[in-house]
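Below are the chains, spelled out letter by letter.
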Amino acid sequence: MKPVKVLFVTQWLEMYGATNSVTNLILDLKGRHNIEPFVLVPRQDIKYKSKIITEVLDENDIPYYSIYMESWRTTFPGQDFFHILYYKVRKIYRNIKLIKEFKNNVSFIPDVIYSNSSVIDVGIWLALYLHKPHMWHIREGEGSYHLQYIFPKKIVQRLFAKSDSVIAISKYIQSECQQMGIKCTCQIYNGINICLPYKKDYYNYGCVNFAVVGNLIAIKRQLDVIKAAKILKSKGFTEFKIYLIGDGEDRDLLEREVTSLELNQYVEFCGYIRDVQKLLQRMDVGITATSHEAFGLATVEYMMNYMPVIGNDSGATLEIIKDNEFGYLYHLGNVEELAACMEKFLTMNYMIGKMGMSARQEAEKYSVNNNTDNVYREIKRILRKEE
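These remarks concern the structure in this document. (Residues numbered from 1 in each chain as written. Predicted model: local features only at pLDDT ≥ 70, side-chain atom pairs only at ≥ 80, totals over all residues. Heavy atoms only, no water.)

1. A few points about the packing of aromatic side chains
For any pair of aromatic rings, the description consists of the separation of the ring centres together with the inter-plane angle of the planes. Scanning all chains against the criterion turns up 16 aromatic pairs. Each ring, one from Tyr 202 and one from Tyr 203, has its centre 6.1 Å from the other, and the planes form 45 degrees; the classification is tilted. Judged by relative accessible area, Tyr 203 falls into the partly exposed class, the value being 33%. Seen in terms of ring centroids, Tyr 328 and Phe 345 are 5.1 Å apart; in terms of plane orientation they differ by 45 degrees. Their pairing is tilted. With Tyr 328 in strand 15 (residues 327–330) and Phe 345 in helix 13 (residues 335–347), the pair connects residues that are 17 residues apart, well separated along the chain. Residue class for Phe 345 comes out buried when judged on its relative accessible area of 0%. (Phe/Tyr/Trp six-rings, centres within 6.5 Å; stacked < 30°, edge-to-face > 60°. Buried < 20%, exposed > 50% of the residue type's maximum accessible area, 1.4 Å probe, protein only. Helix = DSSP H or I, 4+ residues; strand = E, 2+ residues; numbered from the N terminus.)

2. Some points on the pairing of strand 6 (residues 134–138)
For strand 6, a buried count of five out of five residues is recorded, marking the element as mostly surrounded by other parts of the structure. Direction of pairing for strand 5 (residues 112–115) relative to strand 6: parallel, over a ladder of three bridges. In the sheet register, Ile 113 faces strand 6, and the bridge partner there is His 134. Bridging between strand 6 and strand 8 (residues 165–168) involves four bridges; their strand directions are parallel. Across the sheet, Trp 136 pairs through a bridge with Val 166, a residue of strand 8. (Pairing = 2+ DSSP bridges.)

3. Concerning a nonpolar patch on the surface
On the surface, Phe 81, Phe 82, Leu 85 and Val 89 cluster together to form a nonpolar patch covering roughly 460 Å² of accessible area. In this structure, Val 89 sits in helix 3 (residues 81–105). (Patch = residues over 30% accessible without salt bridge, like charges linked within 9 Å, V, L, I, M, F, W, Y side chains within 5 Å. Areas by Shrake-Rupley, 256 points an atom, 1.4 Å probe, with all protein chains shown as cover. Salt bridge = Lys/Arg side-chain N within 4 Å of Asp/Glu carboxyl O.)

4. A closer look at the sheet that holds strand 15
Strand order in the open sheet formed by six strands is 12-11-10-13-14-15, and the pairing between neighbours is parallel. Every other strand in the sheet has two partners, leaving strand 12 (267–271) and strand 15 as the edge strands with one partner each. Going from strand to strand, the sheet's axes swing by 20 degrees on average, the running direction of each strand aside. The pairing of strand 14 (residues 309–312) with strand 15 spans four bridges and is parallel. Bridge pairing links Asn 312 to Tyr 330 in strand 15. (Axes fitted to C-alpha atoms, helices over the stretch in contact; angles between N-to-C directions.)

Structure follows, in structure tokens:
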């Protein structure tokens, strides 16, 4: 059978969240569903020593082309009308330039174009130029990043309406789209590579180990976790340790806070780790403190590793964590409640294994295979519509 050619457009090089998800999707579609992929990757600098998508593509003999992309969603910090107008004009000019560069340098003719993010509009413009069906996978919410579209709402709605498929990664994102007047074709949760079952050993290093995976930036709210640690210490709890796994622009600020609160023996900065799985196997409890998480890949990775999760009551975290079953929920930004949730696992640590087993069973429904099969059904649906 002739393979289906799909052009994937991704917005980041670094293998975090959305890029990790689309990479798993590409590999699984190629391996199980006779998809021939070609990937359009952004031409950008790498800030941190993280693995990047082109390394994975090279390892798996997947062709790609690097091209300059500019976001059409931004925060517009401190910009007046003329700056915003300049940004719009520049964006249109660069889209035209991008299409010309693609035409002159890429010979791949896709059957379908797939955009991996709502922050880039490159895919829809290429689809309109090439007269090909387009899929838009929305992975970002306005609540956490405060992103705004640079073009008027009606133009945004029309461009999304021209897509043959608009996928939301959670019910939370689907709801945000509806508020924007964007109709989602379907909702498909992200998938992860579910590891084989294993015997979990808890309380490594003689204490309860809390893992916090994610970029060290403000919306991830690692500062809340550090403040909660201070509360636990003030109550006399000493047999715990927090591992901040990731890197980012807030690292210096967070390190200073840990030092000023005299928490160095309780908080460890791990930096970026390529194989997080090995570390999570030694962790006991995961913490998702992020504001308005669009999905929560790390949350599911905790659960896959037999770890109960403490999460706040915002975004898609509410969809994944069942309070008192897979972990505990607290009100967003309430450090005292977060500390109280952590304290439960320190005083009733038998709950870690019990909740961890329930979490593992729940995590198995968020597999890459399930995600890929659902996306593949959408690809076949829009191709049938084109016939």
